[in-house]
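Topology and contacts: notes
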Amino acid sequence: MSVRTLPLLFLNLGGEMLYILDQRLRAQNIPGDKARRVLNDIISTMFNRKFMEELFKPQELYSKKALRTVYDRLAHASIMRLNQASMDKLYDLMTMALKYQVLLCPRPKDVLLVTFNHLDAIKGFIQDSPALLHLVDETFRQLLEIYGGLPAGEFHLIRQTLLAFFQDLHIRVSIFLKDRVQNSNGRFVLPVSGPVPWGIEVPGLIRMFNTKGEEVKRVEFQHSGNYVAAPKEGSFELYGDRVLKLGTNMYSVNRPVETHMSGPSNNLASQTQQSIAPPNPLAKEELNFLARLMGGMEIKKPGGPEPGFQLNLFTTDEEEEQAALSRPEELSYEVVNIQAIQDQQRNKELARIMGEFEITDQPRWSASKGDDLLAMMDEL
């Protein structure tokens, strides 16, 4: 497992979340100034400097439940509110879109181009806000600095870590089904045509060499695919043509998007349950992880001259009710609420659990440290 995966996972899922929210804000005819405020508030929270500092520290991926809690908090960083069913659908769409993109990446390194496509689109949402553009550009530079010089093997490990995170998620999405890139069982269809990865020749030729490394024979063979050479490599610079379309906004054309559960088997359900609900000690450690991440988040509370509003990801109430009833229990994320000061008993328990993770050659986590991490959120 790569310790450099979390920033890419978070930024790409965050980009997909913004695509979906932008589409739903337009579909529900939310006034333009209010919709821009919602997106600006979420982007401002997402790229908060303190939050980015924590995010870019080398660390292993945490469970789906822990990350879902972060996105629940992020989605409510403005005057907009989502109910449980809409939040479930939002997270399903985010995860399945990114799973598709990671699966189809021509090269493991192209995961970085997918991330740049998301960041390019995010900058399009905030063209009228120089301060936010600066924050996103700072994140761009961090990505270039950290990932620009990584060897191919590390990108292979990052891609493998991402695919392991998305394993066993087979939620059917109407856009993918209509475009015939997803089967009725929720599994994606991998293409056997199109451009090959940059730097790779089109298949169809076998070269044979002697012991001196000299080419002595060529044999052509037929294959069932329809491959072409890549026109050029995508740009890994701050500005440039990414060439790769994965990670761009597939909701730019307004069309309804539905999700359907694929009815996992008992074995699959047990595997999913294990990945969502980790053992209790790890779950306690993840509370501390969330406290550190959320300490950098500024959450807006509806009130003042502009009241909050409810955003619905379903077109009808019946559709929403059906989605809630058909959702397997093992995929129903119960959002973790972390409170400091108001619940001193929980603070003491968290500090005690963290103390049990003591390593002899490193300083012990003290109760005051645990309290400090949790108290960061109360200061927001």
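In this text the structure is predicted, and so the values were computed from the model without any measurement.

Counted at 1.5 Å a residue, the expected span for helix α2 (residues 32-46) with its 15 residues is 21 Å, and the 21 Å between its end C-alpha atoms agrees. All of the buried residues in α2 are Lys 34, Ala 35, Val 38, Leu 39, Asn 40, Asp 41, Ile 42, Ile 43, Thr 45 and Met 46.

The end-to-end C-alpha distance of helix α4 (residues 64-75) is 16 Å, a good match for the 16 Å that twelve residues give at a rise of 1.5 Å each. α4 sits mainly inside the fold: ten of its twelve residues count as buried. Those residues of α4 that sit buried are Lys 64, Ala 66, Leu 67, Arg 68, Thr 69, Val 70, Tyr 71, Asp 72, Leu 74 and Ala 75.

Working definition: two side chains of opposite charge can pair if their charged atoms are close together. Taken as a whole, this structure holds 13 salt bridges when the rule is applied. A salt bridge links Asp 41 to Arg 37; the shortest N-O distance between them is 3.6 Å. Of this pair, Asp 41 and Arg 37 are both found in helix α2, four residues apart, which corresponds to roughly one turn of the helix. Classification of Arg 37 as partly exposed rests on a relative accessible area of 29%. Among the ionic pairs, Asp 120 bridges to Arg 242, the shortest N-O distance being 2.8 Å. Placement of Asp 120 in helix α6 (residues 110-125) and of Arg 242 in the loop between β6 (226-228) and β7 (259-260) is noted, with a sequence separation of 122 residues between them. Residue Asp 120 is classed as partly exposed on the basis of its relative accessible area of 28%. One continuous salt-bridge network, built from bridges that share partners, spans Glu 201, Arg 207, Glu 215 and Arg 218.

Our next topic: the packing of aromatic side chains. For the coordinates displayed, the defined rule picks out nine aromatic pairs. Taken together, a centroid distance of 5.1 Å and an interplanar angle of 35° make the contact between Tyr 100 and Phe 176 tilted. With Tyr 100 in helix α5 (residues 84-104) and Phe 176 in helix α9 (residues 174-178), the pair connects residues that are 76 residues apart, well separated along the chain. Considered together, Tyr 100 and Phe 176 belong to a single accessibility category, that of buried residues. Relative to Phe 188, the ring of Tyr 100 has its centre 5.1 Å away and its plane inclined at 50°; by these criteria the two rings are tilted. Residue Tyr 100 is located in helix α5, and its partner Phe 188 is located in the loop between α9 and β3 (193-195); the two are separated by 88 residues in the primary sequence. Every member of this aromatic cluster is reached through a ring pair, and the members are Phe 10, Phe 51, Tyr 71 and Tyr 91.

Moving on, we come to the nonpolar core. Phe 10 and Leu 90 are the most contacted members of the largest nonpolar core, which totals 81 residues. When residues no more than four places from it in sequence are discounted, the contact partners of Phe 10 are Met 46, Phe 51, Met 52, Leu 55, Val 70, Tyr 71 and Leu 74.

The next point concerns the side chain of Asp 22. In this fold, Asp 22 is placed in helix α1 (residues 6-27). If sequence neighbours within four positions are ignored, Asp 22 has contacts with Leu 39, Phe 125 and Asn 249.

Turning our attention to the packing of α1 against helix α7 (residues 130-147). How two helices sit against one another is set out by the angle between their axes and by the gap between those axes. Running from N to C, α1 and α7 cross one another at 145°; their axes reach a closest spacing of 12 Å. Here the hand of the crossing between α1 and α7 comes out left-handed. Taking contact as the criterion, the partners of Pro 7, Leu 8 and Leu 11 in α1 are, on α7, Thr 139, Leu 143 and Tyr 147. Of the residues that constitute the contact of α1 with α7, the class distribution is five nonpolar, one polar and no charged.

Relative to strand β5 (residues 215-220), strand β4 (residues 205-209) runs antiparallel, the two sharing five bridges. Within the sheet, the bridge partner assigned to Leu 205 lies in β5 and is Glu 220. Linking β4 to β5, which pair antiparallel, is a turn of five residues; within it Gly 213 sits at a positive phi near 85°.

Next up on the list: the side chain of Thr 115. Among the secondary structure elements, Thr 115 is positioned in helix α6. Contacts of Thr 115, omitting those with residues within four sequence positions, involve Leu 8, Leu 11, Asn 12 and Leu 143.

The rules behind these values
Residues numbered from 1 in each chain as written. Predicted model: local features only at pLDDT ≥ 70, side-chain atom pairs only at ≥ 80, totals over all residues. Heavy atoms only, no water. Helix = DSSP H or I, 4+ residues; strand = E, 2+ residues; numbered from the N terminus. Expected span 1.5 Å × (residues − 1). Buried < 20%, exposed > 50% of the residue type's maximum accessible area, 1.4 Å probe, protein only. Salt bridge = Lys/Arg side-chain N within 4 Å of Asp/Glu carboxyl O. Phe/Tyr/Trp six-rings, centres within 6.5 Å; stacked < 30°, edge-to-face > 60°. Core = buried A, V, L, I, M, F, W, Y, C linked by side-chain atoms within 4.5 Å. Contact = heavy atoms within 4.5 Å. Axes fitted to C-alpha atoms, helices over the stretch in contact; angles between N-to-C directions. Left-handed = near helix turned anticlockwise from the far one by under 90°. Nonpolar A, V, L, I, M, F, W, Y, C, P; charged D, E, K, R; others polar. Pairing = 2+ DSSP bridges.

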